[in-house]
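Listed below are the residues making up each chain.
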Amino acid sequence: MKTRRGTDFARIYHIMLESYGPQGWWPLLRRAGQPGFDEEGYHPGIEPELHTTDRFEIAVGAVLTQNTSWKNVRKALRNLNDYFRISGTGLSPEAVCEIGRESLAELIKPSGYYNQKAGKLMILGSFFAGLQGIPEREELLNLWGIGPETADSILLYAFDRPVFVIDAYTRRIISRIDGSDLDASDRVYHRLQETIQEALPGDPLIYREYHALLVEHAKSRCMKRAPICDDCPVRSMCNFVVQIL
DNA sequence: CGCCAGGTGGGAT
DNA sequence: ATCCCACATGGC
């Protein structure tokens, strides 16, 4: 429940960066295969200049990945990009508004919750179609289907705002490291976000990398069915390791 | 097989 | 304020 003070978030970041290397988030499927981008759209080591279409693709991906694996989201994004490329418009807010909820649902089916998410994407498209400049966090939160994590992902990865994204992986890893029990409430979200933001410089590039590193650490090691604590880069700082010794 | 993934909103207590 | 549930596909 309570984050133990004293957990060294800056040190964890540096250790994970050293151990796993730059992650190249947020993946941009539309630019996959271009110089600096791998086949899945990751761009480790380079910070691409974002175009308007990239920002929208990131926002769409942020909605589609709600409680859903990126593997499934990638299929849905591929469908969207392919469909709108062939139709000539490319994936744009206007195109998403005009295609119709049914067709949209069909395209994003692999990402799950496709009826709900089709509705969310139409609202998102309508918002982006009228958007000028950078959205306020409150504006995003007022959209049906956008909660704190989705809003912060959009702000951080699409608009370079220095906000740290708290996701399920982050909560669970931090819970293990500092021996706390962080739930999914808005209050804990805010508290953990503030704590981490105070521990690190307000640099969007660092916040992006850190979040991506935590996800990598979770997927490859900490949140596997049987956690791999052998040779864990943060083993010496982790309360969970101590418990199972 | 069963479990769960880069959450959110709505409704009941 | 806090729980409980619906939403849904595909990978492991």
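(A) The arrangement of the packing of aromatic side chains in detail. In this structure the tally under the stated criterion is 11 aromatic pairs. Between Tyr83 and Phe84, the ring centres sit 5.1 Å apart and the planes meet at 90 degrees, which makes this aromatic pair edge-to-face. Every member of this aromatic cluster is reached through a ring pair, and the members are Tyr13, Phe164, Tyr207 and Tyr210. Over the aromatic face of Tyr114 sits the side chain of Lys109, whose NZ or CZ is 4.9 Å from the ring centroid. Over the face of the ring belonging to Phe240 we find Arg176, whose NZ or CZ atom lies 4.0 Å from the ring centre.

(B) Looking closely at the packing of helix α8 (residues 148-159) against helix α10 (residues 186-199). Packing of α8 against α10 leaves a shortest axis separation of 11 Å and a crossing angle of 30 degrees. Between α8, through Pro148, Glu149 and Asp152, and α10, the contact on the second element is made entirely by Asp186, Tyr189 and Gln193. Classifying every residue of the contact of α8 with α10 gives two nonpolar, one polar and three charged.

(C) Quick look at the protein's contact with DNA strand B. Near DNA strand B there are 22 residues, and of these Trp26, Trp144, Gly145, Thr150 and Tyr169 occur at the shortest range. Near the protein, meaning within 4 Å, the atoms of DNA strand B are sugar or phosphate in a fraction of 67%, with bases accounting for the rest. Here a phosphate oxygen of DNA strand B sits 3.3 Å away from a polar atom, N or O, in the main chain of Ile146. One nitrogen or oxygen atom from the main chain of Gly147 is found 3.0 Å from a phosphate oxygen belonging to DNA strand B. Breaking the surface near DNA strand B down by element, the ones donating at least two residues are α8 and α9 (168-178). Within the surface near DNA strand B, the residues separate by chemical class into 10 nonpolar, eight polar and four charged.

(D) Region of interest: the domain arrangement of chain A. When the domains of chain A are assigned, the result is domain 1 (9-22 + 164-244) and domain 2 (51-159). A C-alpha centroid distance of 27 Å is found between domain 1 and domain 2. Counting residues at the interface gives 12 residues for domain 1 and seven residues for domain 2. Summing both sides of the interface, domain 1 and domain 2 together bury roughly 820 Å²; the carbon and sulfur share of this comes to 57%. Across the domain 1-domain 2 interface, the total number found is zero salt bridges.

(E) Highlighting the protein's contact with DNA strand C. Neighbouring residues of DNA strand C: Asn67, Lys71, Asn72, Lys75, Lys109, Pro110, Gly112, Tyr113, Tyr114, Asn115 and Gln116. The sugar-phosphate portion of DNA strand C accounts for 55% of its atoms within 4 Å of the protein, the bases making up the rest. Between DNA strand C and the protein, one listed contact pairs a phosphate oxygen with a side-chain N or O atom of Lys75 at 3.2 Å. Between a phosphate oxygen of DNA strand C and a main-chain N or O atom of Gln116, the distance comes to 3.0 Å. Among the secondary structure elements, those contributing two or more residues to the surface near DNA strand C are α3 (70-86) and α6 (114-129). Taken together, the residues of the surface near DNA strand C break down into three nonpolar, five polar and three charged.

(F) Summary view of the environment of Lys117. Mapped onto the elements of the fold, Lys117 is located in helix α6. The class for Lys117 is buried, based on a relative accessible area of 0%. Along the primary structure Lys117 and Phe128 are separated by 11 residues, whereas in three dimensions their C-alpha atoms are 16 Å apart. Beyond its immediate chain neighbours, meaning those up to four positions away, Lys117 contacts Val63, Leu64, Gln66, Thr68, Ile108, Ser111 and Gly112. Within the local environment of Lys117, its side chain forms a polar contact with the backbone oxygen of Ser111, the two atoms lying 3.0 Å apart.

What counts, and at which threshold
Here the residue numbers are simple positions, counted from 1 along each chain's written sequence. Both sets of labels track the order of writing: A upward for chains, 1 upward for ligands. Owing to the predicted nature of the model, reporting of local features is limited to residues with pLDDT of at least 70; listing and counting of side-chain atom pairs is limited to 80 or more, with chain, interface and lining totals taken over all residues. Water and hydrogen atoms play no part in the side-chain values, which are based on all heavy atoms of the structure. What counts as a ring pair is set by centres within 6.5 Å for rings of Phe, Tyr and Trp (its six-membered ring), and what kind of pair is set by the plane angle: stacked under 30 degrees, edge-to-face over 60, tilted for all other angles. Our definition puts a charge over a ring when NZ of Lys or CZ of Arg is within 6 Å of the ring centre and also within 35 degrees of the ring normal. Inter-axis angles, ranging from 0 to 180 degrees, are taken between N-to-C directions of lines fitted to C-alpha atoms, where helices are fitted over the stretch in contact. Here a helix means four or more residues in a row that DSSP labels H or I, a strand means two or more in a row labelled E, and each is numbered from the N terminus. Here, residues are in contact when the closest pair of their heavy atoms is within 4.5 Å. All amino acids are sorted into three groups, where Ala, Val, Leu, Ile, Met, Phe, Trp, Tyr, Cys and Pro are nonpolar, Asp, Glu, Lys and Arg are charged, and the leftover types, Gly among them, are polar. For each residue, the test is whether any non-hydrogen atom lies within 4 Å of the molecule or strand; if one does, the residue is near. Polar contact is the term for a pair of N or O atoms within 3.5 Å; when the atoms are in protein, one must be able to donate a hydrogen and the other to accept it, and sequence-neighboring residues count only if both atoms are side-chain atoms. Where each domain starts and ends comes from a domain assignment, either automatic or drawn from a database. Buried area counts how much accessible surface, traced with a 1.4 Å probe, disappears from two parts once they are put together, with both parts' losses summed. Each salt bridge in this description consists of a side-chain nitrogen of Lys or Arg and a carboxyl oxygen of Asp or Glu lying within 4 Å of one another. Think of it in three bands: with a 1.4 Å probe and only protein chains considered, a residue is buried below 20% of the maximum accessible area for its type, exposed above 50%, and partly exposed in between.

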